[in-house]
Each structure stands twice: as structure tokens, then as C-alpha cells.
Amino acid sequence: MPLPTNRKPIRTVRNFSIVKNLRTYWMFYAMMLPGIVLLVINNYIPLFGIVIAFKTINYQDGILGSPWTGMKNFEYLFASKDSYIIIRNTLLYNSLFIVLNMALPLGFALMLNEMKNRFLSKLHQTIMFLPYFLSMIVISYLVYGFMSDERGYFNGTLLPALGLDSVRWYFTKEVWPIVLPIINTWKNMGYYTVVYMAAIIGIDEEYYEAATIDGANKWQQIKKITIPLIMPVLTIMTLLQVGRIFNADFGLFFQVPRESGALFPVTNVIDTYVYRTFLTVGDIGLSSAAGLFQSVVGFILVFVSNWVVRRFNRENALF
Amino acid sequence: MTNTKSKSLSGSNPKNQLSGWASTLINIFFVIYSALCILPLLLILSVSFSDEQSVMTHGYRFMPENFNLAAYRFLMKDISQIVHSYGISLTVTVIGTILSVIIIALYAYPISRNNFPQAKYFTFFVFLTMLISGGLVPWYLVYVQMLELKDTLWALIMPLIMSAFWVLIMRTFFKETVPEAVLESAKIDGAGELRIFIRIVLPLSLPVLATVALFQTLTYWNDWFLSLMFITDNHNISVQYFLYKMMVNIQYLSSNPNAMAEITRAGGMINFPSETVRMAMVVVGVGPIVFAYPFFQKYFIRGLTVGSVKG
């Protein structure tokens, strides 16, 4: 293939067009500038920091001067028992959360939509939305109110009333794989219900009128009209969560179990591990390695899930 | 499409309604669920109004026993810290939200314009941040070592200003609601891009601006993670972080008898109403959000309808 012999003129033309572009659109660039600066600071500069994962950092030499260690940090990470636990916990909890965040709010939205009394329907929506507005710190206090050893509602009132022994909740790891999904669902239910509700209300009434004339019952209408028509919203909401399946809700896993060491086998996730190895233990290299692993796998997962969705329906894919 | 009261599945067709018993079941179900959403807060509220001694002996109850205001009176004694924390939270929330809406809108507008040839590159530039990240450690080092923002309010504001998600939502909104023809005619009349943006685009986009503002308010008000990362100085403690520290300190004291002894020796108070005060503090911390949220919620629903349009 013959290379262009006159490369210089082309470049001049391009330079000219850059100048022209800047001259025409300088206002757009000026408008975007603050945003660009923030994205660079928050997202792009830290990308260069991934070299830390391949180094032994000492503060004397700085990040660039510190010696390379190759894959040592990763070897250490994957050799430890922690790596299995944190990956397992992150994936299992998040998979469960995705299913719960889809199925339950969808059911709630369908039921609320059938409610004849609109005032009541709105009232329930409003009340269900309340937990979404609370911070994880506040939620950790609420949970503590029920589950603390001596004075919690469960141990203090409920269990004695049922004739059961009290449970040391913050030391009993078996209950947390149930408690954490309940809290997560409770907090997010209002949000997802409203999203699905908005999508259902957007559906044209005529579909249902036609279906009733053809004799379709409620269940058939839901299956044949409602679900297919809100599929795009369902897919995107789910896809967004699948993309973050390797990122746990730090607040939920850090605040709510109150850092109880006895619970780490069921509450330690990649995010809490990265935080603890970095700020509590102070192992920058190991923490970065775990963080990098999290980013890379997360990135791959987004692409794979998006690809799968595209194969079924191009329209529903994220990109 | 913009509000929920317009219609329901059964809507205009009386034949297409649920049977009486199914309807009753649904109603009962939601009454129970709604109760479950409020009860935890009522428990906290009740404890905060209870007498410390009865809480110590009987545990947390839904009805305050020996109703009294001792916990709130105790909080009033140390009101300066609370007022100060409120000030920090409010400052961060107000400045953060305003900057956030302005900067997001300024970024979203150019990438919504079809005639801006670089739009797709800048869309990708922001979208990519949703997919990849350098991780916690490098990000922390940028703030602490490069920018030296440790213990400053900027460390609580800057990380949350730009949100790729809201940039993309806003871009979609601009694209769908502002007709190209209007922009063109404004241009022919001699308006500059900034003028078009401020005079034409923004007034048409109030719903999405309100939504972003509300979500960012919530994000800033409820944030404690940035404080946990960047605040070591006791001066810049927000309400949420104050609650967090309270939880940690009391946990430390109650699990550590030596510390208790230390405090008594130093002449500190050991008998302060710790349980009820803690819960009273939660009530104080939750306060503004709970009062504001029914109002917020109305806009959220509208905004989420906007959000369900693909970015």
C-alpha cells in the first residue's frame, strides 16, 4: 500500500482545522472546562496511579522513585485466604441484590398500580421512599436499635416474648447474609418501585383496552403487555448494577455491621478490604492491587453483560 | 407520563379491575410494608424521649417509658458542636449542589449539540469514567498529596461535583426537549452560545435541573465517606460524621473498661445519658431530610421518569 508522500501538507490542513474548530466552538470548550478539570482530577489522574500496584512504596522515594516489584502484590493478595472470601462475598451479595432490586420492586409497582385508591397508592409510595433518604450511618443506628446485645428491641422485647434466648447479633455471623440483603432491599425499594412505576404509567392505555376486549385476564396482560413494554427500563437498571457487581456498597458493609471482627467472614467485601488494608493496615501496594483487580474485572463484566444484552436486543444495550 | 396520578392499568375500564379480595389483600400488604418503613425510626424517636434509667433496665421500646427530654437537654449543653456540624453539612451541601448543577449542565449542553463535531469524544470522555477507575489509593493520594486538600471542605465537595450519570441524563434531556430549530433561529438572530444556553435551554430544562439538584443535595447531606477519608481535624466534622464518631467512641468506651476508668479518674462524666443522647442525636441528624423528603419525592418521580430515557 503506497504511503502518502506528501504528509506535511495534510498535517498543515489538520492544524488549520483545529484552529478553525477552536475558533468556532471556543465557547463550548470554555463551558466544558470546569467539568473536564474535575474529571481529570477525580478519574483520569488516578488511572496513572495503578502503577502503585506494581511497586513497593516508600515515602522517601515517592511513587515514581519506589522500586518495582512486578506481580508480588498480586501474588500476595491471591495467596491469602482473604481474597477468596472478599471475592465470594462481593459477588454473592451483589448478585442477590440485583435479583431482589429487580423482582420485588417490579411486583410492588404492579400491585401499587392496581390500587384503586390513588391517594393511598401515593401515600404508600411516599412512605416507602423514606429509607432511601437516610444515610448509612443513620441506618446503622436503626439496625443497632433492633440488634444490640442488651437493649436492642429483638433481645430486649421480641425474643423474650416469644420465649426464645437472646442472640448476640454482632457476633453471630450466620444471620448477616440474611440481614444485609433485607437492609439493602428496605433502603432501595422505594427508589426502584418508583422507577418501574413511572415506566408502567407511561404505557398506552389502549393496549389494555384491546386486551380486555380480547378477553385477556390480569395475569395475561401483565405478562404480554406490561413486562415486555418496560423491558428497556428493567434491562438498563439491571445492566447498571451488573456493571458495578464488583463494587459493593461500602456503607452497608462497613457501617451496618459496626466493624465487628467476628462478622468479617460474611461482611468483608472488596471495598472494605481495600479501605482497611490501606488506611488501617497501611499496605498501599496490596490495597492498590486489590483495587486494580476490582477495576479490571468490573470493566470486563460491563463489556460482557452489555454484549450479551446487545445480542438479544440492540436497543436495550447501554452502548 | 410526568405524574403518577394520571391513570392505572385498570383506569377507565371498569371491567378490568381486580376482585374485591385481591384488592383487600394488596391494601393490607402495603399497610404492613409501610409500617415497616416507619417503625425503625419510631423506635429511635421513642428512645430519645425516654428516661435513661428505664432504657437501661427494659431496653429499647416503641413507647417512651417515663417520657422526658433529658437527652435533648444534654445535647443543648453541647449545642455549639452540633450547630457547628450543621454549619459544615449545610455549607458543603449548598456549595456542592450549586456547583454541581452548574458544572454538569455546562458540560452536558455542548455534548448534546448535534452540530458540535467533537461532541462524541467528550461524551465518551465522561462515559468512560463510569467504566474504569484507578481505585481508592491513587485517588486518595491525588487529593492528599497532589492537591493537599486533607482537612479542608474542598475535599468534601470536589469528589462529588461531577457525576457521569447525571451528565448523560442531562444531555439526553437537552437533546429531547430543546428543538434544534429554536437553537438555529436564536443563532440567526445573533445570540451567542452562552446566551442561547442561559436564555433558552436552561428555562426549558427546569425539571432535570431540579432533579439533579435534589439528588446532589441528598448525596452531599448524607455523605460521611469523604469525611472518613480526608478529615482528621476535629474542626470540620459534618453531622453524619459526628454520628459516625459517636457510634465509634461509645463502642470503644463500652468495650473497654479501662477507658471508662480513665475518664472517671480524669473527672469526666460517666453517668451521662449515653443511650438516649445517642438516639436524640440521630433524630437531630435525620431531621431536615425527613421533613424535606415528601417535597423532594414529588420531584424525584418526575426526574426518574426523565432518567428512564436512555442516555
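Residues numbered from 1 in each chain as written. Chains lettered and ligands numbered in written order. Predicted model: local features only at pLDDT ≥ 70, side-chain atom pairs only at ≥ 80, totals over all residues. Heavy atoms only, no water.

Short version of the rule: UniProt positions are given in the numbering used here, feature names are shortened, and annotations may be inferred rather than shown by experiment.
Under an unreviewed UniProt entry, the name given to chain B is Carbohydrate ABC transporter permease, and the source organism is Paenibacillus odorifer. Taken from UniProt, the Sequence similarities (unreviewed entry) comment for chain B reads in full: "Belongs to the binding-protein-dependent transport system permease family." What UniProt states about chain B under its Subcellular location (unreviewed entry) heading is, verbatim, "Cell membrane".

Labelled according to an unreviewed UniProt entry, chain A appears under the name Sugar ABC transporter permease, originating from Paenibacillus odorifer.

### A short note on the overall build of chain B
Selection rule: Starting at the N terminus, helices and strands are each numbered in turn, a helix being any DSSP run of H or I of at least four residues and a strand any DSSP run of E of at least two. Only protein chains enter the area calculation, which uses a 1.4 Å probe; residues under 20% of their type maximum are buried, those over 50% are exposed, and those in between are partly exposed. Whether two residues are in contact is decided by their heavy atoms, any of which lying within 4.5 Å being enough. Only the protein chains shown count as cover for residues, with accessible areas throughout obtained via the Shrake-Rupley method and a probe of 1.4 Å.
From N to C terminus, chain B includes 15 helices and zero strands. Across the 311 residues in chain B, those meeting the buried criterion constitute 51%. Pairs at least 24 apart in sequence give 72% of the contacts found in chain B among residues at least 6 apart. Carbon and sulfur atoms provide 66% of the accessible area of chain B, an area that totals close to 14300 Å².

### Brief notes about helix H11 (residues 206-222) of chain B
For the record, the criterion: Expected span, for any helix, means 1.5 Å times one less than how many residues it has.
Taking 1.5 Å of rise per residue, the 17 residues of H11(B) would be expected to cover 24 Å, and the 24 Å separating its terminal C-alpha atoms lies within 8% of that figure. For H11(B), the full list of buried residues reads Val208(B), Leu209(B), Thr211(B), Val212(B), Leu214(B), Phe215(B), Gln216(B), Thr217(B), Leu218(B), Tyr220(B), Trp221(B) and Asn222(B).

### A word on the domain arrangement of chain B
Residue and element names in this part refer to chain B. Put simply, the test is: Domains are outlined according to an automatic or database domain assignment. Here the quantity called buried area is the total loss of accessible area, with a 1.4 Å probe, experienced by two parts when brought into contact, counted for both. Note on definitions: salt bridges are taken to be side-chain nitrogens of Lys or Arg within 4 Å of carboxyl oxygens of Asp or Glu. Contacts described as polar in this section are N or O atom pairs within 3.5 Å, which, within protein, must combine one atom able to donate a hydrogen with one able to accept it, while residues neighboring in sequence count only if both atoms come from side chains.
According to the domain assignment, chain B contains domain 1 (31-67) and domain 2 (68-303). Each side of the interface is counted separately: domain 1 has 13 residues, and domain 2 has twelve residues. Buried area between domain 1 and domain 2, summed over both chains or domains, comes out near 1200 Å², and the portion from carbon and sulfur atoms is 65%. Per-residue buried area on domain 1 facing domain 2 is highest for Ile44, Ser48 and Glu52; these three make up 43% of the total on that side. Viewed at the interface, domain 2 and domain 1 are joined by zero salt bridges. Counting the contacts that link domain 1 with domain 2 gives six residue pairs in polar contact (both at pLDDT 80 or more).

### Points about helix H7 (residues 154-161) of chain B
For H7(B), the buried fraction is high: six of the eight residues fall into the buried class. Residues of H7(B) that are buried include every one of Ala155(B), Leu156(B), Ile157(B), Met158(B), Pro159(B) and Ile161(B), and no others.

### Considerations on the packing of aromatic side chains
Operational definition: Only rings of Phe, Tyr and Trp enter the pairing, Trp through its six-membered ring, and a pair is recorded when the two centres are within 6.5 Å. The plane angle decides the type: under 30 degrees is stacked, over 60 is edge-to-face, the rest tilted. For a ring to carry a charge above it, either NZ of a lysine or CZ of an arginine must fall within 6 Å of the ring centroid while also lying within 35 degrees of the normal to the ring plane.
Throughout the structure, instances matching the rule amount to 56 aromatic pairs over all chains. When the centroid spacing of 5.5 Å and the interplanar angle of 50° are considered together, the rings of Phe146(A) and Phe154(A) count as tilted. On the basis of an interplanar angle of 15° and a centroid distance of 5.7 Å, the ring pair of Tyr241(B) and Tyr244(B) is categorised as stacked. Residue Tyr241(B) and its partner Tyr244(B) are both found in helix H13 (residues 239-254); the two are separated by three residues, about one turn of the helix. Taken individually, Tyr241(B) and Tyr244(B) each receive the classification buried, so the pair is uniform in this respect. Among the aromatic residues, ring-to-ring pairing joins Phe129(A), Tyr132(A), Phe133(A), Tyr191(A), Tyr192(A), Tyr196(A), Phe165(B), Trp166(B), Phe215(B) and Tyr293(B) into one connected group. Positioned above the aromatic ring of Trp68(A), the side-chain terminus of Lys55(A) is 4.4 Å from the ring centre.

### Side note on the environment of Leu106(A)
All names here are of chain A. For Leu106, the location among the structural elements is in helix H4 (residues 81-114). Given the relative accessible area of 11%, Leu106 is considered buried. For Leu106 and Val195, which are 89 residues apart along the polypeptide, the C-alpha to C-alpha distance reads 9.2 Å. Those residues in contact with Leu106, other than ones at most four positions away along the chain, are Tyr196, Ile227, Ile230 and Leu234.

### As for the nonpolar core
Rules: For the purposes of this section, nonpolar cores are sets of buried Ala, Val, Leu, Ile, Met, Phe, Trp, Tyr and Cys residues that join through side-chain atoms within 4.5 Å.
Formed by 187 residues in total, the largest nonpolar core has its most connected members in Trp176(A) and Tyr107(B). No other element matches helix H8 (residues 176-201) of chain A, which puts 15 residues into this core. Each of domain 1 (31-67) and domain 2 (68-303) of chain B contributes no fewer than three residues to this core. Excluding residues within four positions of it along the chain, Tyr107(B) makes contact with Met31(A), Met32(A), Gly35(A), Ile36(A), Leu39(A), Phe122(B), Phe125(B), Val126(B), Met162(B) and Val167(B).

### Re the packing of helix H8 (residues 164-177) of chain B against H11(B)
Residues and elements named next belong to chain B. Applied cut-off: Under this scheme, a helix contributes an axis fitted over its contacting stretch, all axes are lines through C-alpha atoms, and angles between N-to-C directions fall in the 0 to 180 degree range. Any angle between 65 and 115 degrees counts as roughly perpendicular, while under 35 counts as roughly parallel, over 145 as roughly antiparallel, and the rest as oblique. In this scheme, a crossing is called left-handed if the near helix is turned counterclockwise away from the far one by less than a right angle; it is called right-handed if the turn is clockwise. Any residue that is not Ala, Val, Leu, Ile, Met, Phe, Trp, Tyr, Cys, Pro, Asp, Glu, Lys or Arg is counted as polar, Gly included; the first ten are nonpolar and the last four charged.
Remark: H8 packs on H11, axes separated minimally by 10 Å, with the N-to-C direction vectors making an angle of 165°. Between H8 and H11, the interaxial angle falls into the category roughly antiparallel. Remark: the crossing between H8 and H11 carries right-handed chirality. Contacts between H8 and H11 pair Trp166, Ile169, Met170 and Phe173 from the former with Pro207, Val208, Leu209, Thr211, Val212, Phe215 and Gln216 from the latter. Grouping the constituent residues of the contact of H8 with H11 by class yields nine nonpolar, two polar and no charged.

### With respect to the UniProt feature "domain: ABC transmembrane type-1" (unreviewed entry) in chain A
UniProt tags residues 87-305 of chain A as "domain: ABC transmembrane type-1" (unreviewed entry). Here residues 87-305 of chain A runs as 75% helix and 0% strand, with 19 Å between its end C-alpha atoms.

### Here's the deal with the interface of chain A and chain B
Opposite the 103 residues of chain A that make contact, chain B presents 108 residues. In this assembly, chain A packs against chain B so that about 10100 Å² is buried in total across both faces, 72% of it on carbon and sulfur atoms. Of all residues in chain A, Phe133(A), Tyr141(A) and Arg151(A) give up the largest surface area on contact with chain B, accounting jointly for 9% of the area buried on that side. Two residues, Arg151(A) and Glu275(B), come together in a salt bridge whose shortest N-O distance is 2.9 Å. Here chain A is connected to chain B by 18 residue pairs in polar contact (both at pLDDT 80 or more).

### Quick word on the UniProt feature "transmembrane region" (unreviewed entry) in chain A
Within the UniProt annotation, "transmembrane region" (unreviewed entry) is assigned to residues 26-54, 91-111, 123-144, 225-246 and 284-309 of chain A. Here residues 91-111 of chain A runs as 100% helix and 0% strand, with 30 Å between its end C-alpha atoms.

### Details of empty space enclosed by the protein
The probe, sized like a water molecule, is rolled over the atoms to show the empty space still left. All names here are of chain B. Going by this rule: Cavity: a set of points on a 1 Å grid over the protein atoms alone where a 1.4 Å probe fits but cannot get out. Pocket: an open set with protein on both sides within 12 Å along at least five of seven lines, its lining residues, like those of a cavity, having an atom within 4 Å of a point. Grid points are joined across faces, edges and corners, and a volume is the space filled by probe spheres set on the points.
Tallied over the full model, the rule gives six cavities of 30 Å³ or more. Estimated volume of the second largest cavity: approximately 80 Å³. Along its surface, the second largest cavity is lined by Ile88, Ser89, Val92, Thr93, Leu156, Tyr220, Trp221, Asp223, Ser227 and Ser238. Among the elements of the structure, helix H4 (79-112) and H11 are those that each provide at least two residues to the lining of the second largest cavity.

### Here we look at the pattern of salt bridges
Within the structure shown, the criterion is met by nine salt bridges over all chains. For Asp149(A), the salt bridge is made with Arg168(A), and the minimal N-O distance between the two is 2.9 Å. Pair noted here: Asp149(A) is in the loop between helix H6 (136-147) and helix H7 (153-161) and Arg168(A) is in the loop between H7 and H8, with a separation of 19 residues, a long-range link. Members of the salt-bridge network, linked through shared partners, are Glu150(A), Arg151(A), Glu275(B) and Arg278(B).

### Observations regarding the UniProt feature "transmembrane region" (unreviewed entry) in chain B
Residue and element names in this part refer to chain B. The UniProt entry lists residues 21-47, 86-109, 121-141, 153-174, 194-218 and 279-296 under the feature "transmembrane region" (unreviewed entry), expressed in the numbering used here. This span, residues 121-141, is 81% helix and 0% strand, and a straight line between its end C-alpha atoms measures 28 Å. The span residues 153-174 carries 86% helix and 0% strand; its end-to-end C-alpha distance comes to 32 Å.

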